[in-house]
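A look at the structure
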Amino acid sequence: MNHDTRNAPPGSDEPPAETGTGTGRHELWYTRRDSQVCGPYPQRSIGRFLILGRLRPDDEISLDRETWWRIDQRPHLIPEELQNAHTPEGRERLEQARLREDERRRERRHDAPPPEIRERRKADRRCPESPETVSHRQQWAEILERPAPPWTQWFRGPRPWIASGLAVAAALALLIGFGIAFERDTGPDCDASPAPGINWNYCDKAGADLRDGDLTGASLHSTRLAGARLQGARLADADLRFADLSLAGLEGADLAGANLTGADLLQTRLADASLERANLTHANLTGAEMAGARLDNARLDRSIWTDGRTCARGSIGTCN
């Protein structure tokens, strides 16, 4: 790959000398491989792509699409897990990081996934991105790089203990005035019996028999419920973001007000289910059975409808 080494000494294999750019926390980086340019991405995304193998250390990066370097010439972009992968402990940490960073469901990581998953793998999911996504990312970077208001300098003055004392006093006043009680988050309990408000986040409940169960207001973020029997279940106001409900039976279930953002509802049976006020933004409803399902005021922004088409932004109640 060709890369610009105009800052490196002639004949040297050393990377270009740092010029003050590319080390800011809020810089946006373009990537290039085989002449295909993608991005721009924040530093956090570059590290994540490296961990997942979607970028290689010899891929090229640039801040302005004019001067290009190999990623390994900018060591601050390479996550610690990759830098220490030569040791047994480092390899274990790298594997844990890959599992943490991989947004796919476990069955989608399998070497022999279903046909619809194989089809999605053919394209590079990093590139190209929509203009809206790129514009939003650039606007956030500009906001984060703006200098702090002048009044904030007082907190970094010669008497920082004054600011600390005021902050502590204000916190105590809030605690006393409003009687806030803090409870320790016990986290998900995957062995707990179904009940209203239960925390089953990230639990594996595939194929579970939960017919007519009361899971009102339950926390089911990224819970695996593939093939689960949920006929007549009460899931009103439940948090089902990114839950896997593929092939599940939800006939007659109450999902009113539930948050199903990004949920996988592939071939899910939703006949006569109540989905009033549910949030189905970016949910995948491909092949789902919807006969008699009630969708009054349900949000369908950019969700994938039963016939495979993507609903327009602002779709409420029907897929436009």
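Structure: see above.
Residues numbered from 1 in each chain as written. Predicted model: local features only at pLDDT ≥ 70, side-chain atom pairs only at ≥ 80, totals over all residues. Heavy atoms only, no water.

**Some details on the packing of aromatic side chains**
In plain terms, the rule: Aromatic contacts are taken between Phe, Tyr and Trp rings whose centres are within 6.5 Å, Trp giving its six-membered ring; a plane angle under 30 degrees counts as stacked, one over 60 as edge-to-face, and the others as tilted. Only DSSP runs of H or I reaching four residues or more are called helices, and only runs of E reaching two or more are called strands; each is numbered from the N terminus. A simple rule labels every residue: compare its accessible area, found with a 1.4 Å probe on the protein chains alone, to the largest value its type can have, and call it buried under 20%, exposed over 50%, or partly exposed in between.
The final tally for this structure, using the stated rule, is two aromatic pairs. With a centroid separation of 6.3 Å and an interplanar angle of 65°, the aromatic rings of Trp-29 and Trp-69 are classed as edge-to-face. With Trp-29 in strand S1 (residues 28-33) and Trp-69 in strand S4 (residues 69-70), the pair connects residues that are 40 residues apart, well separated along the chain. Judged by relative accessible area, which is 0%, Trp-29 ranks as buried. Taking 5.1 Å as the distance between ring centres and 85° as the angle between the ring planes, the aromatic pair formed by Tyr-41 and Phe-49 counts as edge-to-face.

**Some details on the state of the cysteines**
The criterion, for reference: In this description, a disulfide is simply a cysteine sulfur pair whose atoms lie within 2.5 Å.
Summed over the entire model, instances satisfying the criterion amount to two disulfides. Linked covalently through their sulfurs, Cys-190 and Cys-203 form a disulfide whose S-S length is 1.9 Å. Given an S-S torsion of about -85°, the disulfide between Cys-190 and Cys-203 has left-handed geometry. Placement of the pair is Cys-190 in the segment after helix H7 (160-178) and Cys-203 in the segment after H7, with a sequence separation of 13 residues. Covalently, Cys-311 is tied to Cys-319 through a disulfide, its sulfur atoms 2.0 Å apart. Taking the sign of the S-S torsion, about -115° here, the bridge from Cys-311 to Cys-319 comes out left-handed. Exposure class is identical for Cys-311 and Cys-319. Each is buried.

**Some details on the pattern of salt bridges**
Heads up, the condition is: We define a salt bridge as a side-chain nitrogen of Lys or Arg found within 4 Å of a carboxyl oxygen belonging to Asp or Glu.
Per the stated rule, a full pass over the model turns up 14 salt bridges. In this structure, Asp-239 and Arg-241 form a salt bridge, with 2.7 Å as the shortest nitrogen-oxygen distance. Since its relative accessible area comes to 17%, Asp-239 is described here as buried.

Limitation: the analysis is restricted to geometry and does not speak to function.
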